[in-house]
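Coordinate inspection notes
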Amino acid sequence: MQYPPPEHRVKLKDFLNDPLALLHALPQKHPDIAWLRILNRQVYLIQRPEYAKYILQENHSNFKKGRAYKTLSILLGNGLLNSEGDFWKRQRRLAAPAFHRDRINNLNDLFVRHTTNLLKDWKQREGSHINFTQEMARLTIGIVCEALFGASISPDTIKTVWQQVDILNELAMQRIQQPIQLPLWLPTPMLLRTRKHVKILDDIVYGIIRQRTQNPNNKANDLLSMLTNAKDEDTGEQMSEKQLRDEVMTIFLAGHETTVNALSWMWLLVKKDKTVENQLKEHYWQNLNGNAPSMEQSMQLKYASNVMNEALRLHPPVYLVGRQAYKPDHLDGFDIGTNTNCIINIYGIHRHPLYWQNPHSFMPDRFEGFQQKGDNRFIFMPFGGGARICIGNNFALTEMHVINALLAQHVEMDLLTPNPRQLPQVTLKPEGGVWMHLKKVNI
């Protein structure tokens, strides 16, 4: 067996103590591949985009989801994020129409209405300090709930969802970082606590699903209805209640958690660079004159897209992706044994000096003319890459364009927390949130 050389080995304690610092340093020290050992298991850390392409696209059928996804299955079940093989293909095929570009276009007014309502609320709170991250969570949970369920959700329920997700994020990361993981069926205090918080979310989601399925005459045109009515072309089968629950939970949580972090990091970076902030405001006013963009207009807002992409490059909410070899394989001369774990260091690839000039600087103009196709899909991959690229990427980008356009044109706020710690949990979060002083809301 030919492994990466010994000098490419990194210490497990460094990965466990400060994973982000290690992921940050690897492209400079080991620009292609590094490795570590967890007990008797070999783990590869991938910094080379070509290797990421091989694992995620060219030979993706040999690389199943890694051990971390077993922990996520406690919450997400066997939804699109976790499922494998033919079952995943079936579920992806059933869910795809709900995320078609035309469907997202129909949701644009929903994005505008929820964001406008948030600004009206902020108008009453001028002069106060706000946790911008929590405010974005409140906004995006409301949006995804109505998009999914066709109904608004109470402020208390939104708060409950945010709290549970926050706690589960922390618990999941604690388990993922354990070198020895006890079986999921063993009633350890951590797993019992995890299941308690999952049940709170289950009660919300199952309640809505059962209310819908028990009313077959409901003519709702939301994502849940599309998933409920979707039929497999070959068998005519529909999703079971458990499958619906798993897909809804995946969309429900992925539909706001990553977007919240992306918005938080973007506005932190914008507020720290007055030149970019002024240029972004001018860009929106010139193109929209105070209005929100349609989906078609969003696609034409080039500078706004550059700012969003640069924030996603520096602080990708999904900062690493894990895969496990199903059977022996080879990676550019290196042997990959059965069950070898490969961690694709998205955070490191996004800051790799071979692909990005001044990689740690916030420079939106670097995306001018950047084409997200070909090999560039694995140099910049905020939504993953290959066959399992995030199904909701168009939803998230369109939603962010609407939110950013209205904030930039109508809100004056000052940054209070310029340097929050990057917290590498299941997603990359600003620890404690990004805080702002809400100066003025022009609405």
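Structure: above.
Everything in this summary refers to the structure shown in the same document. Just so you know, these numbers come straight off a predicted model, no measurement behind them.

1. Section: the sheet that holds strand β9 (residues 411-415)
Two strands in a sheet stick together by hydrogen bonds in their backbones, pointing the same way (parallel) or opposite ways (antiparallel). A sheet is described by the order of its strands in space; here three strands give the open sequence β4-β12-β9, paired in antiparallel fashion. Each having just a single partner strand, β4 (129-131) and β9 make up the two edges of the open sheet. Geometrically, the sheet is characterised by an average inter-axis angle of 40° between neighbouring strands, direction not taken into account. For β9 and strand β12 (residues 435-441), the ladder comprises five bridges, and the chain directions are antiparallel. Looking across to β12, one finds that glutamate 412 is bridged to lysine 440.

2. Comments concerning the packing of aromatic side chains
Considering all chains together, one arrives at nine aromatic pairs under this definition. Between phenylalanine 367 and phenylalanine 370, the aromatic rings sit 5.2 Å apart at their centres with planes inclined by 70°, giving edge-to-face as the arrangement. Judged by its relative accessible area of 3%, phenylalanine 367 is buried. One residue, arginine 210, lies across the ring of tyrosine 206, its end atom 4.6 Å from the ring centre. It is arginine 313 that lies over the ring of tryptophan 356; its NZ or CZ is 5.2 Å from the centre.

3. So, the sheet that holds strand β3 (residues 63-65)
Spatial ordering of the open sheet is given by β1-β2-β8-β5-β3, a layout of five strands whose pairing is mixed. Of all strands in the sheet, those with a lone pairing partner are β1 (33-38) and β3, marking the two edges. On average, adjacent strands in this sheet sit at an angle of 30° to one another, irrespective of strand direction. Taken together, the four bridges between strand β5 (residues 321-325) and strand β8 (residues 341-344) define a ladder with antiparallel strand orientation. Across the sheet, residue glycine 322 finds its bridge partner in β8, namely isoleucine 343. Lying over the sheet, helix α3 (residues 49-58) contacts β1, β2 (41-46), β3, β5 and β8, oriented at roughly 120° with respect to β8.

4. Quick word on the side chain of arginine 366
Checked against the element boundaries, arginine 366 lands in the loop between α16 (346-349) and α17 (393-410). When its relative accessible area of 17% is taken as the criterion, arginine 366 is described as buried. One polar contact links the side chain of arginine 366 to the main-chain carbonyl oxygen of asparagine 358, over a distance of 3.0 Å. Each residue touching arginine 366, except ones within four places of it in the same chain, is listed here: Glu310, Arg313, Trp356, Gln357, Asn358, Pro359 and Ser361.

5. Description of the packing of helix α13 (residues 274-288) against helix α15 (residues 302-314)
The interhelical angle for the contact between α13 and α15, taken along N-to-C directions, is 140°, at an axis separation of 9 Å. Compared by their axis directions, α13 and α15 come out oblique. Like other packed secondary-structure pairs, α13 and α15 cross with a definite hand, here left-handed. Residues Val276, Gln279, Leu280, His283 and Tyr284 of α13 form the contact with α15, whose own contacting residues are Lys302, Tyr303, Ala304 and Val307.

6. Quick notes on the pairing of β5
Most of β5 is tucked away: five of the five residues are buried. Burial of the side chains of β5 extends over both faces: Val321, Arg323 and Ala325 are buried on one face and Gly322 and Gln324 on the other.

7. What about helix α5 (residues 85-95)?
Within the span of α5, buried status applies to Trp88, Arg90, Gln91, Leu94 and Ala95. The buried residues of α5 occupy one face: seen down the axis, they fall within an arc of 160°. Those residues of α5 hidden inside the fold are in contact with α11 (223-229) and α12 (241-271).

The rules behind each value
Residues numbered from 1 in each chain as written. Predicted model: local features only at pLDDT ≥ 70, side-chain atom pairs only at ≥ 80, totals over all residues. Heavy atoms only, no water. Pairing = 2+ DSSP bridges. Helix = DSSP H or I, 4+ residues; strand = E, 2+ residues; numbered from the N terminus. Axes fitted to C-alpha atoms, helices over the stretch in contact; angles between N-to-C directions. Phe/Tyr/Trp six-rings, centres within 6.5 Å; stacked < 30°, edge-to-face > 60°. Buried < 20%, exposed > 50% of the residue type's maximum accessible area, 1.4 Å probe, protein only. Lys NZ or Arg CZ within 6 Å of the ring centre and 35° of its normal. Contact = heavy atoms within 4.5 Å. Polar contact = N/O pair within 3.5 Å; in protein donor to acceptor, adjacent residues only side chain to side chain. Parallel < 35°, antiparallel > 145°, perpendicular 65-115°, else oblique. Left-handed = near helix turned anticlockwise from the far one by under 90°. Arc of directions from axis to C-beta.

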